[in-house]
Amino acid sequence: MTDAHHILQHTFGYSSFRGPQQAIIDSLIGGGDALVVMPTGGGKSLCYQIPALAREGVGVVISPLIALMQDQVSALRELGVRAGFLNSTLSAAEVWQTEQALQQGELDMLYVAPERLIQPRTLALLASCQIALFAIDEAHCVAQWGHDFRADYLRLNVLQEQFPNIPRIALTATADARTRDEITERLSLHKAQQFISGFDRPNIQYRIRQKDKPRQQLLRFLREEQSSNAGIVYCLSRAKVEQTAEWLSGEGFTALPYHAGLPASLRATHQKRFLREDSVIMVATIAFGMGIDKPDVRFVAHLDLPKSIEAYYQETGRAGRDGDPATALLLYGLEDVVKLRQMMAGSEGSEEFKRHEQQRLNAMLGLCEITSCRRQALLRYFGDELPKPCGNCDNCLTPPDTWDATEAVQKALSCVYRTGQRYGAIHVIEVLRGSSSEKVTSAGHDKLSTWGIGRELGQDEWRAIMRQLVAQGYLDVDPDGFGTLRLTERCRAILRGEEKISLRRDKVSVPIAAASSKRRHQDIEPADRELWQALRSCRKRLAEEHGVPPYVIFNDATLRDMLEQRPTTASAMLSVSGVGDVKLERFGGQFLEVIREFEYPA
Ligand code: ADP
Ligand code: ZN
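Residues numbered from 1 in each chain as written. Chains lettered and ligands numbered in written order. Predicted model: local features only at pLDDT ≥ 70, side-chain atom pairs only at ≥ 80, totals over all residues. Heavy atoms only, no water.

Bringing the overall build of the chain into the picture now. Helix and strand content of the chain: 27 helices and 17 strands. Radius of gyration (C-alpha) of the chain: 27 Å, near the 25 Å computed for a compact globule of 602 residues. Across its three principal directions, the C-alpha atoms of the chain cover 90 × 65 × 45 Å. In the chain, the share of contacts with a sequence separation of at least 24, taken over all contacts with a separation of at least 6, comes to 73%. Side chains of the chain carry 72 positive and 76 negative charges; the gap between the two charge centres is 4 Å. (Helix = DSSP H or I, 4+ residues; strand = E, 2+ residues; numbered from the N terminus. Rg over C-alpha atoms; globule rule 2.2 N^0.38 Å. Contact = heavy atoms within 4.5 Å. Lys, Arg positive; Asp, Glu negative; His and termini not counted. Charge placed at Lys NZ, Arg CZ, Asp CG, Glu CD.)

Further remarks concern the packing of aromatic side chains. Tallied over the full model, the rule gives 10 aromatic pairs. With a centroid separation of 5.6 Å and an interplanar angle of 75°, the aromatic rings of F274 and F288 are classed as edge-to-face. Of the two residues, F274 sits in helix α12 (residues 264-276) while F288 sits in the loop between β11 (280-284) and β12 (299-302), which places them 14 residues apart along the sequence. Considered together, F274 and F288 belong to a single accessibility category, that of buried residues. The rings of Y206, Y312, Y313, Y381 and F382 are connected pair by pair, giving a single aromatic cluster. Taking the ring centre of F274 as reference, the NZ or CZ of K294 above it sits at 5.4 Å. (Phe/Tyr/Trp six-rings, centres within 6.5 Å; stacked < 30°, edge-to-face > 60°. Buried < 20%, exposed > 50% of the residue type's maximum accessible area, 1.4 Å probe, protein only. Lys NZ or Arg CZ within 6 Å of the ring centre and 35° of its normal.)

Within the protein, C373 (SG), C390 (SG), C393 (SG) and C396 (SG) serve as the donor atoms for the zinc ion (ligand 2), at 2.3 to 2.4 Å. Around the zinc ion (ligand 2) sit four donor atoms, and with donor-metal-donor angles ranging over 102 to 118° the site reads as tetrahedral. Binding-site remark: the zinc ion (ligand 2) is held by donors from one chain whose sequence spacing is C-x16-C-x2-C-x2-C. Classification of C390 as partly exposed rests on a relative accessible area of 23%. On the basis of relative accessibility, which here comes to 0%, the residue C393 falls in the buried class. (Donors = N, O, S within 2.8 Å, 3.2 Å for Na, K, Ca; no water. Tetrahedral: all angles 85-135°; square planar, octahedral: opposite > 155°, others 65-115°.)

Bringing the environment of Q119 into the picture now. Following the sequence through the fold, Q119 ends up in the loop between α6 (114-117) and α7 (120-127). Taking the C-alpha atoms as reference points, Q119 and H356, 237 residues apart in sequence, are found 41 Å from one another.

Over the atoms rolls a probe the size of a water molecule, and its path tells where empty space is left. Here the second largest pocket defines a volume of roughly 430 Å³. Lining the second largest pocket are 22 residues, and of these D460, R463, A464, R467 and D506 lie nearest its centre. Looking at the lining of the second largest pocket, the elements that each hand over two or more residues are α14 (334-346), α21 (459-471) and β17 (502-504). Split into classes, the residues belonging to the lining of the second largest pocket amount to nine nonpolar, three polar and 10 charged. (1 Å grid on protein atoms, 1.4 Å probe; cavity = no way out; pocket = protein on both sides within 12 Å on 5 of 7 lines; lining within 4 Å. Points joined across faces, edges and corners; volume = space filled by probe spheres on them. Nonpolar A, V, L, I, M, F, W, Y, C, P; charged D, E, K, R; others polar.)

Take a look at the structure:
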């Protein structure tokens, strides 16, 4: 057995490497540099942690995510790894202690913030130690046009200058070629071997549904599928964040609001509770973002439409970082499009910028309305190909019904035209359905040839049609804020009868959970629930005793494996994924007791 395998099994408790891990680790142990692009949850940390342990000296990890360092270090310490960190949150005494340990060769791993690393004092300190490797995490932070740019990252080429013989590994989940080139250039990684994985997140199940009493939809989703799981609910406005958090709390959930308008101290408290406690739901605007690397977020729900696929992918990507099954649920409606379009029109920025934003929103809408695999569409948008439908999105699991809507669409489009392209969907639908409301008659629209030609469909059905016509670019929503609909060039062929159109049939009455027709890996069988809860309580108690988040004790995958294997001896416990030597010694006994009690009740 190689060193690397031995460490994988005994320290981390895993039986085999995933994907390119082994090749990356071998290359570093051999003294080479590496550039690693791997999706979130793919297992980047092991790529530097194992070589750091296998090589002489301390592995230095540079990361901008200061809020996470404490937990990362605690997690390593629970594995028996001697780890420490240096950043601005430490007191002078704590810094001194860590520096002492470093100088005396008592650390296997050191996490450092970039601004701290580039200080001459830190560099001098490192120069006096034996260094196993440098790992530059979140390496896309060097990209000046990226949204996570950190000026301090630009100075990390100092490592190449001052430590030319120490292997360096740069890691990121941002996959585009431009960012990759920028990393290579700015960090002088020209000789580095590149390990590029696509950025599919196969463990996330994507589901997109039209809104139909969204609160009820969310409630069912939470109650039926996510009980006592941690997750994020995204809303567009601060007011909605607060109302939603309050309502969920009233429904018995631990739901905390998070938006830029809250005092910084309250935001920090909520963030900390989200990270530390077991089943907190964070209700947030997009202000809740970078640095939220809680690994066991089991769902991300959007109650409003994100304004681009980029934003959607990034926000949903916060689910399932531990690689375990997770769900991304988006509820959207035509009113979202109206609101976003109005916001974009009112925003600052050039016409070109606004046009660009508009195109991105259109792409997002397209994703909402497609009837084929969502993941294939998502990846295609980012220039990646998935050869086969994924089998883990709503469209794959329950293929949507479509119908030939050509005639209905012709009616709808003519009605928009006849009413002068000056009204929103509600009015147009009233005219189609032959309403004699004040608004319709006073405009004289009850005299139009299109009045009452659409009585065969209900209001909801017409709304679904209008929404899809907007999403597919047949209708435009005016940015006036009133949701005024206008025809686009694309309409001609349909109106002339030269083109047919099929639309998706909304299954409003189908419960959200029906998307998962297969039993999901994540669900716990009713017969197992009691033991599952007992294992979780045990983990929670230990986490509190150790002052760490529950996943630092054992992550969800490990607990699930325990549930499946039900070990009752120490050696059986060792074969559970994620149980290594030190964790067995520290926590094994307590979990064994829980399982024994369950299997052989007194
Ligand atoms: P990333 O940094 O790429 O987002 P992590 O390094 O946090 O991903 O790993 C994600 C999860 O996968 C962690 O819970 C980690 O312990 C687990 N993991 C990584 N490599 C393996 C492996 N070879 N076998 C089993 N689990 C693994
Ligand atoms: Zn799919």
